[in-house]
Amino acid sequence: MNPSALSRQNELNCSTSGSGCIVDCGTSNLCVSELSVFYRDHSAVRDVSLNIPTNEITAIVGPSGCGKSSFLHSLNRLTDLIPGCRVTGSIRLCDGTEITHPQADILSLRRRVGIVFQRPNPFPQSIRRNFEIPLKEHGWHNRDIPDRMEAVLRDVGLWDEVSDRLHKSAIALSGGQQQRLCIARALALDPEVILFDEPCSALDPIASGVVEDLIHSLKGKVTVAIVTHNLAQARRIADHAAVFWVRDNAGALVESGPAARVFSDPLDPDAALYLSGARG
Amino acid sequence: MPTLAPPQKRRVFPVLGDRVFGAFGMAAALLSFGLFAWIVWDLARLGFPQLSWGYFTGEVEDSGRAGGIGPLLVSSLLILVCCLGLVIPLGVGCALWLSEFVKRRSVAARLVTGGVDLLASVPSIVFGLFGMVFFGQVLGMGFSILAGGLTLACMILPILVRTTLSALESLPADLRPAAAALGLTNTTAIAKILLPAALPGIVIGITLGIGRALSETAALIFTSGYSIRWPETLGDSGRSLSVHIYDLALNVAGGNTMAASSALVLLALILLVNSVAVALSEHWLRRRHQTP
């Protein structure tokens, strides 16, 4: 499919997805339309349409329990792991791959859309094994793995700290180092999108700053969607912002657009109060 | 407004209760250790003088009143190998299925855990009779090391299933999403991440099982039999050390001191297996948590 056709198709997607578009869909890596997430009968997220622009940072903010994490986890089908969880609607990657399709190749999908969790979760094995296991799974040759590992560890600024202890356990690293390791591990698979689920909230302020800078540095290289409770952090790093709020007992997208506009001049009254710090 | 004083409980002997309680605990602890020390002392007093290199390598003579326990050590070891060969894949597989493949509250899972727990409360003599009929007669193994080992495997299966299950369940909950998020298959996640992480717990389960298997008598009398010859194949009958102790103590007049010698060897063997397993587990845990 040539780029212009792709762009046309994305525009079509966008026109069906209502008013949720942040920017022109032609530059979006993930086009989400009318996405709902249910836990048994309860709906956690209702009818969210949002485009996540390519190689830019989209911050998803909102009070607790408004469905931000459920939304984020549905973007790479981690919701499949939760018994009783059901997702409806459409999530398309830029090449037209439908993520919500029941027959979608989940394993390769999760390689393309990586995720970093709130708590760092390295495997309780050596730093090297943390890269070998996923890279081998996705078909990398043994001889290529050390170079790949070094490259991504350099990208996250961890190489100089760990290059002489790659055989040592990953869970003996500090919290901030572990989180950077997890980011490197996600980057190693060469994803198009990385989702961050409050990546700094379990870290001390200094480690949090390092990880935030790291996420900021990913801009232009990979598409980032980050859920955060830290509005100051969202202001500092986001190009685009989406505000979730609870409407009729379900999480809903109430405001989205370029970060500067959303933070300075929100249209939705709840979003305005939340972003000004008066509520939430 | 008068201030309310907290109610004062009158304690006649405020410290006495603590002292009595502490003394009782200490007495219980001393008694427990004393029991162990007494058994070891008694076995050592009676059994140690007979121990020599020849005792470990020699054949049983005069119904066990003289000679050594060479063939019995080999038989015991072979029975153990047969037992572990069956129980490790069976027990670990069952625990994996329960923890990773079915919902905990499903009927199937409850049936299996219930069955395994019931198995744990079956007396070992019942296992012996079952093994004699099933392995010995139905499967035609007769009195053999293989039949004895497989019977023991059935007996220690619940121990291994339970310990492996609790090892898997005590793993950090975020390992599974971490593996899934990287696009790993279930097989890779289990084989390369969950099982290695649960290994210390599994090894402890195997150790407990070995201790139980080495000391088992009733399940072996009717399955691996009494033969004191050097075993040549797994189809041969072979007497285990525990059966030998039972036989010497009960059926052989004047066999008491030799029974004590064998018991001493058995005790030492079990202690050895335990300390190796504990050392291994600690080594793995230390390697996992060592500061880089």
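Digging into the overall build of chain B
Moving on, step 1. From N to C terminus, chain B includes eleven helices and two strands.
Moving on, step 2. From first element to last, N terminus to C terminus, chain B shows the α and β order α-α-β-β-α-α-α-α-α-α-α-α-α.
Moving on, step 3. Projecting the C-alpha coordinates of chain B onto the three principal axes gives extents of approximately 95 × 65 × 45 Å.
Moving on, step 4. Scored against the burial criterion, the 292 residues of chain B give a buried share of 41%.

Let's talk about the pattern of salt bridges
Residue and element names in this part refer to chain A.
Moving on, step 1. In this structure the tally under the stated criterion is 19 salt bridges over all chains.
Moving on, step 2. For the salt bridge of Arg77 with Asp80, the shortest nitrogen-to-oxygen distance reads 3.0 Å.
Moving on, step 3. Among the residues examined, Arg77 registers a relative accessible area of 11% and is labelled buried.
Moving on, step 4. A relative accessible area of 39% places Asp80 in the partly exposed class.
Moving on, step 5. Salt bridges sharing partners connect three or more residues here, namely Asp95, Arg112 and Glu192.

So, the confidence of the model for chain B
Moving on, step 1. When the pLDDT values of chain B are averaged, the result is 88; 95% of them are 70 or greater.
Moving on, step 2. Among the prediction metrics, the complex's ipTM stands at 0.82, with pTM recorded as 0.80.

Focus on the pairing of strand S2 (residues 42-53) of chain A
All names here are of chain A.
Moving on, step 1. Of all the twelve residues making up S2, nine are buried; the element is thus mostly covered by neighbouring parts of the structure.
Moving on, step 2. In terms of strand pairing, strand S1 (residues 28-39) meets S2 through eight bridges, oriented antiparallel. Within S2, the residue paired with Leu35 across the bridge is Val48.

Regarding the nonpolar core
The nonpolar side chains of soluble globular proteins are, as a tendency, buried together.
Moving on, step 1. Among the nonpolar cores identified, the biggest contains 121 residues, and Phe131(A), Leu153(A) and Phe196(A) are the most heavily contacted of them.
Moving on, step 2. Looking at which element gives the most residues to this core, the answer is helix H6 (residues 145-169) of chain B, with 14 residues.
Moving on, step 3. Excluding anything up to four places from it in sequence, Leu153(A) contacts Phe131(A), Leu158(A), Trp159(A), Val162(A), Leu166(A), Leu181(A) and Ala184(A).
Moving on, step 4. Residues Ala44(A), Leu50(A), Ile115(A) and Val193(A) belong to the second largest nonpolar core, which totals 31 residues.

Calculation criteria
- Residues numbered from 1 in each chain as written.
- Chains lettered and ligands numbered in written order.
- Predicted model: local features only at pLDDT ≥ 70, side-chain atom pairs only at ≥ 80, totals over all residues.
- Heavy atoms only, no water.
- Helix = DSSP H or I, 4+ residues; strand = E, 2+ residues; numbered from the N terminus.
- Buried < 20%, exposed > 50% of the residue type's maximum accessible area, 1.4 Å probe, protein only.
- Salt bridge = Lys/Arg side-chain N within 4 Å of Asp/Glu carboxyl O.
- pLDDT = per-residue confidence, 0-100.
- Pairing = 2+ DSSP bridges.
- Core = buried A, V, L, I, M, F, W, Y, C linked by side-chain atoms within 4.5 Å.
- Contact = heavy atoms within 4.5 Å.

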